[in-house]
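Summary of the model geometry
In case you want the letters, here they are:
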Amino acid sequence: MPDIRAPVVIVTGDHDGVVDANVHAYGSLRDIPGAMLTLLPGVGHSPHHADPDRVVAAIEDVVHRARLS
């Protein structure tokens, strides 16, 4: 993943019982240069349903960063 050069935001819930944030989200954060993490407390496997406003805000932020680069 170090070849990824596009701005990246990883959005996950800290209560996801399907995809382990400690393995996948933090692993991706470590491996993708410049990636940012939005960790949603109390949220499970579908953060886009549980907290759509925060997910949209994270996407808008990565779009803004892409325009600046």
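Read on for an overview of the structure. (Residues numbered from 1 in each chain as written. Predicted model: local features only at pLDDT ≥ 70, side-chain atom pairs only at ≥ 80, totals over all residues. Heavy atoms only, no water.)

**Focus on the pairing of strand β1 (residues 9–13)**
Bridge count between β1 and strand β2 (residues 36–40): 5 bridges; the pairing is parallel. Opposite Val 9, over in β2, you have Met 36 as the bridge partner. In the classification by handedness, the crossover that spans β1, the intervening helix α1 (residues 24–31) and the parallel β2 is right-handed. (Pairing = 2+ DSSP bridges. Helix = DSSP H or I, 4+ residues; strand = E, 2+ residues; numbered from the N terminus. Right-handed = clockwise from strand over helix to strand, strands pointing away.)

**Observations concerning the environment of Glu 60**
Mapping Glu 60 onto the fold places it in helix α3 (residues 52–68). Given a relative accessible area of 52%, Glu 60 falls into the exposed group. For the pair Glu 60 and Val 9, spaced 51 residues apart in sequence, the C-alpha separation works out to 9.9 Å. (Buried < 20%, exposed > 50% of the residue type's maximum accessible area, 1.4 Å probe, protein only.)

**What about the nonpolar core?**
In this structure, Val 8, Ile 10, Ala 21, Ala 25, Ile 32 and Ala 35 together form the largest nonpolar core, which totals 6 residues. Contacts of Ile 10, omitting those with residues within four sequence positions, involve Ala 25, Ser 28, Leu 29, Ala 35, Met 36, Leu 37 and Thr 38. (Core = buried A, V, L, I, M, F, W, Y, C linked by side-chain atoms within 4.5 Å. Contact = heavy atoms within 4.5 Å.)

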